[in-house]
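# Inside the fold
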Amino acid sequence: MRALIVEKDDEGKTSASVQEIEESRLPEGEVTVAVEYSTVNYKDGLCIGPGGGLVRNYPHVPGIDFAGTVEASDDPRYRAGDKVVLTGWRVGEAHWGGYAEKARVKADWLVPLPDGLSTRAAMAVGTAGFTAMLAVMALEKHGLKPGQGPVLVTGASGGVGSVATAILAKLGYEVAGVTGRPESADYLRDLGATQIVARDEIAETVKRPLESETWAGCVDAVGGAMLARVLGQMKYGASVAAVGLAGGAGLPATVVPFLLRGVNLLGIDSVMQPYESRLEAWKRVATDLPMEKLEAMIKPATLADLPGLGADILKGQVRGRVVVDVNA
């Protein structure tokens, strides 16, 4: 079987290359999956490169998500031929992941692929899209409804932002997409954004803890100063779903928006999400994400492309969703 193997030398330097390896090298697990597609996330970029503290042991196979067909199973929940998808559980970090023609994992980590969703489409969604769906669901549970005003999506041209924009637009929301790339404006409008917000307009904190009430909700993939600024622009009782930290892990904010406007800051974790909410999110993806919009986000890739793509995503140079055909 072919796999992208990341190795570390005696000096601590890492390198990644596609190699032929024996299936017997796969880690322990109840289910062996013939992987068909994977994708490229920010964590993957870290794991392909220096590791970012995520990889425990080398040699290593990255790939934090994958979709494919069950080849063998010791668990009664899955049988040979079943289509499955995996995200999270530190697969691709602490456990060998999806950048290989086969993967072996715990049955608890898998989710049956919903009807109407192909393995390729599932990886066009991937961890980023799955996280975006969790964010939308959290906003809905905290009262967000169409017609309440524009919903802001930061990092809108990235993986999470692209899917969040498309889902929100299909559900009838007015979507304002934040991007630092002017050339992405048409792309975001095609996904359903009705307003384009330049990153520079919202990237810096201001001295005033509260500004005009502007946004009915927000999916934030940036964090840092931008998230702090957005909190002061939320409408009364509105919520922000925080899904990323591309702009930094710090939060230079005050508690004023929470105390005077009842703003909610919702943390979204996709890695350890319980099975039932995973199942609900994937079912919602199958119904609420316009597949014709999804196709517009896709950039195809192969295992051989991954070292370069890993470097690109760390530099913020990957737009939309990279779908890796591991058998190509």
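Here's a quick rundown of the structure. (Residues numbered from 1 in each chain as written. Predicted model: local features only at pLDDT ≥ 70, side-chain atom pairs only at ≥ 80, totals over all residues. Heavy atoms only, no water.)

### Some remarks on the sheet that holds strand S10 (residues 195-198)
If you walk across this open sheet you meet the six strands as S10-S9-S8-S11-S12-S13, and the pairing is parallel. Since the sheet does not close on itself, it has two edges, and those belong to S10 and strand S13 (264-267), each with one partner. When strand polarity is set aside, the average angle formed by the axes of neighbouring strands in this sheet is 20 degrees. Here strand S9 (residues 175-179) pairs with S10 via four bridges, running parallel. Counterpart to Thr-179 in the pairing with S10 is Ala-198. (Pairing = 2+ DSSP bridges. Helix = DSSP H or I, 4+ residues; strand = E, 2+ residues; numbered from the N terminus. Axes fitted to C-alpha atoms, helices over the stretch in contact; angles between N-to-C directions.)

### Section: the environment of Trp-96
If you trace the backbone, Trp-96 turns up in the loop between strand S5 (83-87) and strand S6 (102-105). A residue is classified by how much of its surface remains accessible, and Trp-96, at 14% relative accessible area, is buried. Sequence separation between Trp-96 and Arg-25 is 71 residues; the distance between their C-alpha atoms is 10.0 Å. What Trp-96 contacts, discounting residues up to four positions off in sequence, is Ile-21, Arg-25, Leu-26, Pro-27, Pro-59, His-60, Val-61 and Val-91. A polar contact of 3.4 Å, which involves the side chain of Trp-96, links it to the backbone oxygen of Pro-59. (Buried < 20%, exposed > 50% of the residue type's maximum accessible area, 1.4 Å probe, protein only. Contact = heavy atoms within 4.5 Å. Polar contact = N/O pair within 3.5 Å; in protein donor to acceptor, adjacent residues only side chain to side chain.)

### Concerning the pattern of salt bridges
In this structure the tally under the stated criterion is 16 salt bridges. The shortest N-O distance in the salt bridge between Glu-23 and Lys-102 comes to 2.9 Å. Residue Glu-23 is found in the loop between strand S2 (14-20) and strand S3 (31-39), and its partner Lys-102 is found in strand S6; the two are separated by 79 residues along the sequence. Note that Glu-213 is salt-bridged to Arg-261, the shortest N-O span being 3.8 Å. Taken together, the positions of Glu-213 in the loop between S10 and strand S11 (215-220) and Arg-261 in the loop between helix H6 (256-260) and S13 put the pair 48 residues apart, joining distant regions of the chain. According to the relative accessible area criterion, Arg-261 is buried, its value standing at 11%. In the salt-bridge network here, residues are joined through shared partners; they are Glu-23, Glu-71, Lys-102 and Arg-104. (Salt bridge = Lys/Arg side-chain N within 4 Å of Asp/Glu carboxyl O.)

### Description of the packing of helix H2 (residues 119-141) against helix H7 (residues 275-288)
Running from N to C, H2 and H7 point in directions that differ by 105 degrees, and their axes come no closer than 9 Å. One way to sum up the angle between H2 and H7 is to call them roughly perpendicular. Here Ala-122, Val-125, Gly-126, Phe-130, Met-133, Leu-134, Met-137, Glu-140 and Lys-141 of H2 lie close against H7, whose contacting residues are Ser-277, Arg-278, Glu-280, Ala-281, Trp-282, Arg-284, Val-285 and Asp-288. Partitioning the contact of H2 with H7 into residue classes produces nine nonpolar, two polar and six charged. (Parallel < 35°, antiparallel > 145°, perpendicular 65-115°, else oblique. Nonpolar A, V, L, I, M, F, W, Y, C, P; charged D, E, K, R; others polar.)

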